[in-house]
Each structure stands twice: as structure tokens, then as C-alpha cells.
Amino acid sequence: YREYLKLGGRGQLVVLNPEEEHLHGIIDLIEEGRIVILRKISDKELAALYTNAKCSLVLSSYEGFGLPVLESLACGTQVLCARNSSLVEAGGGVVDYIDEMNSTIIAHKILNYDTKEKTDILDEVLLEEHLQKFTWEKCARKYIEFYKTQLGI
């Protein structure tokens, strides 16, 4: 984020539920209001954050399923995402992937979003096609199929 600011970025970074040890090097940015730390927010608040963001960053080295990716996309917000674990399945061909955790590359990608209108970042047709793969109905059907197989019925 510091690299992004050095390049002229003006956006605010909102970090959800960080571990305390990850905050030590950014206390000055928190005090300046450049970085906002939020904990224990409601689903409604989370949806508002996703909806109003230019992009979401999911730079996790491991993610169980990638729900933050799908939540962001469902709110019409581009995701800048690590290319690993289940994040690739969750993001498909819709998200912007990072192949290496390099602060300069990440900063330039975020800065690129600053210059665009949010509606110009995501292809709505591709987004809708992708999200249709992950409906709650499909999820429920897969759980039912799984349990039927496990129970032999």
C-alpha cells in the first residue's frame, strides 16, 4: 500500500480482521486515516464495503474456498487476487491475478483501477456467467448429492 501511495494513489485501504502482528509497520498510516481497520462487521456492512470499493484485494497465501472473491464479485467489484489454492476456482477468468507477491506490481495494478470508472473494470456478461456457477441452489444440490453418496441412498 505504501508503494501505491508513493506512485500517487489516493484511495483508502480498508483491512478486515487483521492479526495484531501485521499492524506494526503501518501504525502511521492508520493514524493518518489512510488505512482503516474494521473488525466484526455485519453482512450488510461487508456488502456496502464491497459495493463501494474500486477493488478488493485477496492476497492470501491460502484460502479455504474463496468466498471473499465471490462476495466481492457479487457486489460488482473487481478482485485483485493471488493465483493459488481455491482462489483460482472462485475467481475463474473474471478476476485480476497476481503471480508473485511483489509490492510494485500490486501497487501498479491498484493504481490502474484508480484511473477507471468502476463500471469499466468488470465485464458484466462474463461476471454474471461466472457467478451463475456458484449459486446457493447449486451448492445445496451438491451437499445433498454428497450426503446421499455417503449414506448410500
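Bear in mind the structure is a predicted one, so any value in this text is a computation, not a measurement. (Residues numbered from 1 in each chain as written. Predicted model: local features only at pLDDT ≥ 70, side-chain atom pairs only at ≥ 80, totals over all residues. Heavy atoms only, no water.)

Undergrad: Explain the pairing of strand E4 (residues 78–82) to me, please; I cannot follow it from the model alone.
TA: A regular strand carries its side chains on alternate faces of the sheet. Of all the five residues making up E4, five are buried; the element is thus mostly covered by neighbouring parts of the structure. Burial of E4 is two-sided: the residues Gln-78, Leu-80 and Ala-82 facing one way and the residues Val-79 and Cys-81 facing the other way are all buried. In this structure, strand E3 (residues 55–58) lies alongside E4, joined through four bridges in parallel fashion. The residue of E4 that forms the bridge with Ser-56 is Val-79. A crossover connection joins E3 to the parallel E4 through helix H4 (residues 67–74); in handedness this β-α-β unit is right-handed. Pairing between E4 and strand E5 (residues 96–98): three bridges, direction parallel. (Buried < 20%, exposed > 50% of the residue type's maximum accessible area, 1.4 Å probe, protein only. Helix = DSSP H or I, 4+ residues; strand = E, 2+ residues; numbered from the N terminus. Pairing = 2+ DSSP bridges. Right-handed = clockwise from strand over helix to strand, strands pointing away.)

Undergrad: Quick question: what am I supposed to make of the sheet that holds E3 here?
TA: The strands making up a sheet are joined through hydrogen bonds of the backbone, oriented either antiparallel or parallel. Taken together, the three strands give an open sheet; going across it, the order is E3-E4-E5, and neighbouring strands pair in parallel fashion. Every interior strand has two partners, whereas the edge strands, E3 and E5, have only one. Averaged over all adjacent pairs, the angle separating strand axes in this sheet is 20°, with direction ignored. (Axes fitted to C-alpha atoms, helices over the stretch in contact; angles between N-to-C directions.)

Undergrad: I'm lost on helix H8 (residues 136–151) in this one. Help?
TA: An α-helical turn contains 3.6 residues, so any two residues separated by three or four positions project in the same direction. Here H8 contains 16 residues, and its C-alpha end-to-end distance of 22 Å stays within 8% of the 22 Å for a straight helix at 1.5 Å per residue. Immediately beyond the C-terminal end of H8, within one or two residues, lies Gly-152, with a positive phi of roughly 70°. (Expected span 1.5 Å × (residues − 1).)

Undergrad: Would you explain the confidence of the model for the protein chain in this entry?
TA: Close reading of the predicted structure is inappropriate where its pLDDT is low. When the pLDDT values of the protein chain are averaged, the result is 92; 100% of them are 70 or greater. Looking across the protein chain, the model is least confident in H8, with a mean pLDDT of 88, and most confident in strand E2 (residues 35–38), with 97. (pLDDT = per-residue confidence, 0-100.)

Undergrad: I keep staring at helix H7 (residues 124–131) and nothing clicks. Help me out?
TA: Where H7 is concerned, the buried positions are Leu-127, His-130 and Leu-131. The buried residues of H7 occupy an angular sector of 95° when projected down its axis, which confines them to one face. For H7, the exposed residues set more than 90 degrees away from the buried face come down to Val-125 and Glu-129. On its buried face, H7 sits against H4 and helix H5 (87–91). Sitting at the head of H7, Asp-123 places a side-chain oxygen 2.9 Å from the backbone nitrogen of Val-125. (Arc of directions from axis to C-beta. Contact = heavy atoms within 4.5 Å. Polar contact = N/O pair within 3.5 Å; in protein donor to acceptor, adjacent residues only side chain to side chain.)

Undergrad: So what exactly am I meant to see when it comes to the pattern of salt bridges here?
TA: Side-chain pairs of opposite charge can arise whenever the charged atoms involved come near each other. Tallied over the full model, the rule gives five salt bridges. Between Arg-2 and Asp-28 there is a salt bridge, with its nearest N and O atoms 2.5 Å apart. Placement of the pair is Arg-2 in helix H1 (residues 2–6) and Asp-28 in helix H2 (residues 27–31), with a sequence separation of 26 residues. Classification of Asp-28 by relative accessible area gives partly exposed; the value is 31%. The closest approach of N and O atoms between Asp-99 and Arg-83, which form a salt bridge, is 2.5 Å. Here the residue Asp-99 occupies a position in the loop between E5 and helix H6 (103–114), and Arg-83 occupies one in the loop between E4 and H5, the gap between them amounting to 16 residues. Here Asp-99 falls in the exposed class, since its relative accessible area comes to 63%. (Salt bridge = Lys/Arg side-chain N within 4 Å of Asp/Glu carboxyl O.)

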